[in-house]
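Chain by chain, the residues run as shown.
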Amino acid sequence: MAVLSKIRNRSGLLIAIIAFALFAFVIGDLFQSGSFGQPSRYVGSVNGEDVAFEEFRIKVANAEKSGQGVTSVQAANQVWNQEISIALLTKEFEKLGLRVGEKHIVEVFKADPNIGQNPMFLNAVGKFDIIKFKEYFKANPEGIQFLKEREKDAELNAKYQIYNSLVKGGLYTTNAEGKLKYEADTDKVTFDFVNVPYSSVKDSDIKITDEEINAYVKTKEKRFKSEETREIEYVLIDEKPSTSDEAEIKGKVDALLLPSVRYNKETGKNDTIQGFRTATNIAEFVNANSDIPFDSTYIAKQDLPAEHADKLFALATGEIYGPYMFNNYYCISKGLGRKAGAKSKASHILISWEGTQVPNKKEKRTKEQAQAKATELLAQAQANPGNFFMLAMTNSDDSSAQQGGDLGYFAPGQMVKPFNDFVFNNPIGKIGLVETEFGYHIINVTDKQDAIKMATIAQKIAPSEQTNNKTYEQATKFEMEAATKDFTALAKQMKLTVAPSAKLKPMDESFGTIQNQRQIVKWAFADDTNTNDVKRFEIPNVGHVIAKLKKVTPKGLMSAEEARPMVENILKNKKKAEKIKAKLNGTSLASLASANKVTVMNALDLTLGNPALPGAGFEPKVVGTAFASKAGQISKPIEGNSGVYVVVTKTVTKAPAIKDFKEQVTQLSAQAKGNAGRIMSALRTEADIEDNRADFY
């Protein structure tokens, strides 16, 4: 009762504590879920339209499963770029009120080889049949959802094709533009000039301050946008075997050649184990003692380790070679025999027909037409074997056509059976015809190689536990001392090498020689990581990376340091131009040239279409000034690309009058159409894109 009484007396306090705990729980959850901190439901936004993380995650997972061997970060980058493009284009489609119907979507389906060339959807003459296509999905309702997903993509694709056509249609060229091009290419000017190059003023005499660079950057903000970055410097301490580790592995491999004695716990006696030289069950012996399993295939000389190929290929049956080192393994090899013609080389010409699973056919044909053409090509190849390369290049439906049909070397069983049988049952130089499910093949057997079979015991040269412990001690010592000492000086003291600084972006995962190390990048961008912080990262099978956060650059305009390589020379030339112009006082080119220790030069029949000055390069401002100046009149100084110029125009020859400018309009139209491909980069430049992927990956 006393306890109960105390509880009653303190119930107000308990309620307050519980309320505070609940409040703290809710507040903590709000911060974690993004209500007051980083968003957790959206991976980013494009022009205010949020990209939901859950849908994004599924797309990334599908991209990872695509079989292209991409990492999750690479997949996230691919999907993010797709999401941006789709969001920007969809907005454009909505503005224009673009709509597509079934006809447009069917055309997109037909263009997809997996659908448009699928035999299930083709009619008797090999054309895509929409009725067959629809009937298939009626009979297979489980594919309806798949079709709906494909329809979404097809609808977007169809709208883009219309949109792209509209953009191209808007990029027309007028007759007036054609006239301007004609005049730019045909009007000619001849003039004398003096060029005082910027290099005549020493770089050391010109100083460009950070303030001047920042002022220039602000005048061209779009060009000098800067992403959020982190700069790190790091030391990599490799986990690599010591010389004693190598000697130990070599000794173990060497010892396998001779019989050994091992204690048998079951019998209580010593057993004599056969060595590699005398082992009767070679495969079993190799698999019991090698890090690489026994391989029973025949190997051509070109596939052997280059450094040891001659000796390995010459091994007689039962002969031993080694130990030798190859790819961080100590190896011993034993010859098991030789086989003549184990690998063959052939070229072919593939002639397919409608219905075979061969993409990018050179022409449509029936099986009968394919057979007739193949027979004709066979006769030509047999009559003139030296022409086989050109026949394949101009006629073959296979991707090997660009190599003259050459398929390289292959082993038995690597090709379909009729092809395989012809090549391995015929001598070099034999040309013949076989039929497979891909079409008719005119085959030329071009070479055959002998191959050897051998048993190889390979043991990896890996660092011992003792060596790894020393590496760990060295890495942890460096990490602890680098927290309070100069990073570079400490590395030099400990005989380590500081790698060149790496500038990281939020979604990077590799830098320098360090691959797939997202953990290091995430650490560099973490809120609780500060400039000069040091941390050690252990990388399996590589070693230890000790990284130091050197610099933090927020999103915005480039700093003076970042922009200096791009801007400094421009600003220097501006200042040099002022110095040069101050000395260009004279009434003739000769006096100006003499005062500045240069020569008067002549430009003959230059055009605005190709304003290249002899000995000076591309100078459109100079040539344009010459066209605009009166003959015999000395111009004011012109700031060109390579120096400051003064010109005196001699003659301007106008282009002969012509009736139309179709040729010029055609040329300009072709150039304008190519500009349609820049639409996405233009849309992205103007878009407001928020990228929060680094919070999730």
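Here the structure is a predicted model, which means the values were calculated and not measured. Sequence order sets the numbering: in each chain, residues are counted from 1 along the sequence as written. Since the coordinates come from a predicted model, pLDDT governs what is reported: local features require at least 70, and pairs of side-chain atoms require 80 or more to be given and counted, while whole-chain, interface and lining totals use all residues. Values shown for side chains rest on all heavy atoms present in the structure; no hydrogens or waters enter the calculation.

S.K.: Mind showing me how you'd approach the environment of Gly 624 here?
M.R.: Counting from the N terminus, the helices are DSSP H or I runs at least four residues long and the strands are E runs at least two residues long. Position of Gly 624 among the secondary structure elements: in helix α22 (residues 620-628). Note on classification: 1.4 Å probe, protein chains only; a residue is buried when its accessible area is under 20% of the maximum for its type, exposed when over 50%, partly exposed between these limits. Given a relative accessible area of 27%, Gly 624 falls into the partly exposed group. When the C-alpha atoms of Gly 624 and Thr 607 are compared, they prove to be 8.8 Å apart, with 17 residues separating the residues in sequence.

S.K.: In this structure, what is going on with the pairing of strand β2 (residues 49-52)? I would like to understand it.
M.R.: The side chains of a regular strand alternate between both faces of the sheet. In this analysis, strands are considered paired if DSSP registers two or more bridges between them. Of the pairings in the sheet, the one linking strand β1 (residues 42-46) to β2 comprises four bridges and is antiparallel in character. By the bridge assignment, Tyr 42 is partnered in β2 with Ala 52. Remark: two residues form the turn of the hairpin made by β1 and β2, two consecutive strands paired antiparallel; Asn 47 in that turn has positive phi of roughly 50°.

S.K.: Quick question: what am I supposed to make of the sheet that holds β2 here?
M.R.: Sheet strands pair via backbone hydrogen bonds, and the direction of the pair is either parallel or antiparallel. Reading across the sheet, the three strands line up as β2-β1-β23 and stay open at both edges, with antiparallel pairing between neighbours. Every interior strand has two partners, whereas the edge strands, β2 and β23 (689-691), have only one. Taking each pair of neighbouring strands and ignoring which way they run, the sheet shows an average axis angle of 20°. Think of each axis as a best-fit line through the C-alpha atoms, taken over the contacting stretch in the case of a helix, with angles from 0 to 180 degrees between the N-to-C directions.

S.K.: I would appreciate a short explanation of the side chain of Thr 436 in the present structure.
M.R.: For Thr 436, the position within the fold is in strand β12 (residues 431-436). Its relative accessible area of 6% is what places Thr 436 among the buried residues. Nitrogen and oxygen atoms within 3.5 Å of one another constitute a polar contact, given that in protein one can donate a hydrogen and the other can accept it, and given that sequence-neighbouring residues count only through two side-chain atoms. Only 2.7 Å separates the side chain of Thr 436 from the side chain of His 441, close enough to count as a polar contact. When residues no more than four places from it in sequence are discounted, the contact partners of Thr 436 are Trp 353, Val 416, Pro 418, Phe 419 and His 441. Here, residues are in contact when the closest pair of their heavy atoms is within 4.5 Å.

S.K.: Mind showing me how you'd approach unusual backbone geometry here?
M.R.: Keep in mind that most residues, glycine aside, have a negative phi and that most peptide bonds are trans. Across the junction of Gly 322 and Pro 323, the peptide omega takes the value 5°, indicating a cis bond. Its location among the elements puts Pro 323 in strand β9 (residues 320-326). Positive phi outside glycine occurs at Lys 495, with the angle close to 60°. One can find Lys 495 in the loop between α18 (487-493) and β14 (498-504). Lys 495 gets classed as exposed once you look at its relative accessible area, which sits at 78%. Phi at Asn 516 takes a positive value of approximately 50°, unusual for a residue other than glycine. Note on placement: Asn 516 falls in the loop between β14 and α19 (518-525). Judged by relative accessible area, which is 47%, Asn 516 ranks as partly exposed.

S.K.: Would you mind showing me how to read the packing of aromatic side chains here?
M.R.: Here the distance between the centres and the angle between the planes together describe a pair of aromatic rings. For Phe, Tyr and Trp, rings pair up if their centres lie within 6.5 Å, where Trp contributes its six-membered ring, and each pair is then called stacked (planes under 30 degrees apart), edge-to-face (over 60) or tilted (otherwise). Applying the stated criterion across every chain yields a total of 24 aromatic pairs. Summarising the aromatic geometry, the rings of Phe 133 and Phe 137 are spaced 5.2 Å apart at their centres and angled 70° between planes, so their arrangement reads as edge-to-face. Of this pair, Phe 133 and Phe 137 both sit in helix α7 (residues 130-139), four residues apart, roughly one helical turn. Of the two residues examined, Phe 133 and Phe 137, each falls in the buried class. Both rings, one in Tyr 234 and one in Phe 511, keep their centres 5.1 Å apart while their planes meet at 75°; by these two values the pair is edge-to-face. You can see Tyr 234 sitting in strand β5 (residues 229-238) and its partner Phe 511 sitting in the loop between β14 and α19, a full 277 residues away along the chain. For the pair shown, Tyr 234 and Phe 511 are each scored as buried.

Any functional reading would require information that these geometric values do not contain.
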